[in-house]
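Next come the chains, spelled out residue by residue.
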Amino acid sequence: MSVVFVPITGHPTAVQQVNVPTLHSQSTVCIAGQGQMPAQMLLSPPVPSYKAAVYSTATKRNNEESSHHLTGTIDNGAKKIKIDPSHISKVVHLRSLPADVRDNEVIQLGLSYGRVTNLLMLKGKNQAFLEMEDVDVAHQMVASSEFQPPVIRQRVVYVQFSNHKELKTDNSPNQMKIQALLKAMQQADGGTNHVLRAVVENMLYPITLDVLHTIFSRFGVVLKIITFNKNNQFQALIQLGDAVQAQTAKLSLDGQNIYNSCCCLRIEYSKLTSLNVKFNNDKSRDYTRSDLPPGEASTSILGSSSLQGVFSGAGLIPSPYANQGAMVAALQQSQLATLATNATSVLAEASLRNTAVATQLAAMVGVQNSVLHVSNLNEEMVTPQALFILFGVYGDVVRVKILYQKKSNALVQMSDYTQAQLVIKYLHGVVLFGCPLHIIMSKHSQVQMPREGQEMANLTQDYANSRLHRFKKPGSKNFQNIFPPSEVLHLSNIPSDITEEFLRKTFELHGSVLGFKFFVRDRRMALIKLSSTEESVKCLVLLHNFKLNDTHHLRVSFSKGQI
């Protein structure tokens, strides 16, 4: 029942009390006087700010969070949902995360609002749950996201309360890795023996931050790296999550060659307990903070002129690994690759007292998968050969299998994990035969060949010995020419009797040619521009290895050049 005071007719200075039925909403008191009262005179009793807040979402949830009891309405577009106060919790639900988002990126998002106590990733759904230190921190995160939605990799992330009061996670290796990462990222002060100093001797090939991160992350959580040159030697400071991880890395890596017969690591403890990184660039990086500025741009991590002389043609061999992906690929083939099989002995030598940390470190040191799962394929057009040609731009394809019962899906086995990651980086979302590709890592470790005579035999092909592999030859220029798909294609191996008109007509069978030019200094190569990236992808798939005459086959790849 609500109480309303209205003027008594003929007595403007007197009022009378009138009882009216209660509205089906929050308690309301209406104070009325002479004349029409403005709408803003409706007053509601005060409530805690977080219980009355209205929060944004992007799409209606169709997962386990849909059990929220909501009041209000949901519009399409930017939706407003009024949360039932009974569902306020210290657990927040994140949606619309990038498909390849990393654990540390999600943790860093939570740390910008306060302390994070647990994380549960749902990567298959592009979602995650963050358990904050308390309800107030969670409320601050959700409320702030209403007015300024957080962004990860230029993608807006939607935040709201979860109906879980706390996260109950298991002791799986992945979850233990997350717990170690949480502990490391929130231990900003570092500690004794947390920082290692690495000196690289006999450095014939350049060493980048990514190479160092790949090496040391096998033994723990890499928080920060700073590289520099001192006494004509390339050196690096690496801060790990704790002293146990640093000790394991030191015992395992000291004296190891990064590449065969060169780039020897000499590792000792630094006197520093923590690193202060001011810039995220090619010389230093704080992996716990993505908001640091790049600072002054630098073209090389080889800061001293004496080291640059190593690669200036002064008698020593030049680096065949100018491309980052190639360096990491070479790393996996080096002596360090054997560390994965020696994880048990490494941990024993370290005399680890903490069994949980030891188990977590052992889980981190392992051989990484190289099989990709590809979905949303055009069933009428796609073939194993088409996937082999397209994926082969970014790595050597070993096998391709189109699933017999679901031909819009396929498994593609690359020669190593790094090449598989390059494929995801450059081809996920690219349109092939009218369908955008969806590419993720597969749970399978390899693609099995079918038995002879089986009906699906033609859907699985082995390309291990193919002559079309681009990256089998060490030091190949193909390592330096890995570019994302674009409208411009690079053509090579063109014989002298092939004309521009012939090549134009050949490509116009599959798309609209907007431009063409031969290289001035080498007519065996040319650039051709299609009307769209989709058309260039189609032309590459259909015309790479196209027979021009008895001795020449056309070579096609993506180009960064313009016409």
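Residues numbered from 1 in each chain as written. Predicted model: local features only at pLDDT ≥ 70, side-chain atom pairs only at ≥ 80, totals over all residues. Heavy atoms only, no water.

On to the pairing of strand β26 (residues 488-492), then. Most of β26 is tucked away, with 5 of its 5 residues classed as buried. The alternating pattern of β26 places V488, H490 and S492 on one face and L489 and L491 on the opposite face, and all of these are buried. Note: β26 against strand β28 (residues 526-530), 4 bridges, orientation antiparallel. Following the sheet pairing, L489 is matched in β28 by I528. Both β26 and strand β29 (residues 555-558) contribute to a ladder of 4 bridges, which runs antiparallel. Opposite L491, over in β29, you have V556 as the bridge partner. (Buried < 20%, exposed > 50% of the residue type's maximum accessible area, 1.4 Å probe, protein only. Helix = DSSP H or I, 4+ residues; strand = E, 2+ residues; numbered from the N terminus. Pairing = 2+ DSSP bridges.)

Below, the discussion takes up helix α4 (residues 209-216). Considered for burial, the residues of α4 that qualify are L209, V211, L212, I215 and F216. Taken end-on, α4 shows its buried residues confined to a sector of 160°, consistent with a single buried face. (Arc of directions from axis to C-beta.)

When two helices pack together, their arrangement is given by the angle between their axes and by how far apart the axes lie. Look at helix α10 (residues 384-391) against helix α13 (residues 533-543): their axes get within 8 Å of each other, and the N-to-C directions meet at 110°. The pairing of α10 with α13 is recorded here as roughly perpendicular in orientation. The way α10 lies across α13 gives a crossing that is right-handed. Listed contacts from α13 to A386, I389 and L390 of α10 are V537, L540 and V541. Grouping the constituent residues of the contact of α10 with α13 by class yields 6 nonpolar, no polar and no charged. (Axes fitted to C-alpha atoms, helices over the stretch in contact; angles between N-to-C directions. Parallel < 35°, antiparallel > 145°, perpendicular 65-115°, else oblique. Left-handed = near helix turned anticlockwise from the far one by under 90°. Contact = heavy atoms within 4.5 Å. Nonpolar A, V, L, I, M, F, W, Y, C, P; charged D, E, K, R; others polar.)

Roughly 760 Å³ of internal volume is contained in the second largest pocket. Residue lining of the second largest pocket: 24 residues in total, with R470, N478, H490, S492 and R555 positioned closest to the centre. Those elements that place two or more of their residues in the lining of the second largest pocket are β26 and β29. Take the lining of the second largest pocket: its biggest share by element is 4 residues, from β29. Of the residues belonging to the lining of the second largest pocket, the class tally is 8 nonpolar, 10 polar and 6 charged. (1 Å grid on protein atoms, 1.4 Å probe; cavity = no way out; pocket = protein on both sides within 12 Å on 5 of 7 lines; lining within 4 Å. Points joined across faces, edges and corners; volume = space filled by probe spheres on them.)

Right, let's get into the sheet that holds strand β27 (residues 513-518). One open sheet holds the 4 strands; their spatial order is β27-β28-β26-β29, and the pairing between them is antiparallel. With one partner strand each, in any of the chains shown, β27 and β29 form the two edges of the open sheet. Each adjacent strand pair in this sheet contributes to an overall mean axis angle of 20°, direction not counted. Packed onto the sheet, α13 meets β26, β28 and β29 and runs at close to 150° relative to β29.

A few words on the packing of aromatic side chains. Per the stated rule, a full pass over the model turns up 3 aromatic pairs. Judged by centre distance (4.9 Å) and plane angle (15°), the ring pair of Y394 and Y426 falls under stacked. You can see Y394 sitting in the loop between α10 and β20 (397-402) and its partner Y426 sitting in helix α11 (residues 417-427), a full 32 residues away along the chain. For Y394, a relative accessible area of 1% translates into the label buried. Since its relative accessible area comes to 17%, Y426 is described here as buried. Between the aromatic rings of F516 and F518, the centroid separation amounts to 5.1 Å while the plane-to-plane angle is 85°, which identifies the pairing as edge-to-face. (Phe/Tyr/Trp six-rings, centres within 6.5 Å; stacked < 30°, edge-to-face > 60°.)

Grouped together as the largest cluster of nonpolar side chains are 55 residues, with contacts concentrated most on L390, F391, L489 and L491. The contact partners of L489, leaving out residues within four places of it in the chain, are F507, A526, L527, I528, L530, S536, C539, L540, V556, S557, F558 and S559. If you look at the next biggest cluster of nonpolar residues, it comprises 30 residues, including V101, L109, A128 and L130. (Core = buried A, V, L, I, M, F, W, Y, C linked by side-chain atoms within 4.5 Å.)

Further remarks concern the environment of V393. With respect to the helices, strands and loops of the structure, V393 is situated in the loop between α10 and β20. You can call V393 buried: its relative accessible area is 8%. Between the C-alpha atom of V393 and that of V556, which follows or precedes it by 163 residues, the distance is 9.0 Å. Ignoring sequence-local partners within four residues, the contact set of V393 consists of R470, F471, L540 and F558.

Let us look at the sheet that holds strand β14 (residues 222-230). Spatial strand order, β16-β17-β13-β15-β14-β18: 6 strands in an open sheet with antiparallel pairing. Each edge of the open sheet carries a strand with a single partner, namely β16 (257-259) and β18 (284-286). For this sheet the average axis-to-axis angle between neighbouring strands, irrespective of direction, equals 25°. Here β14 pairs with β18 via 3 bridges, running antiparallel. What sits directly across from K224, in β18, is D286. Lying on the sheet, helix α5 (residues 243-253) is in contact with β13 (195-201), β15 (233-240) and β17 (262-269); it crosses β17 at an angle near 140°.

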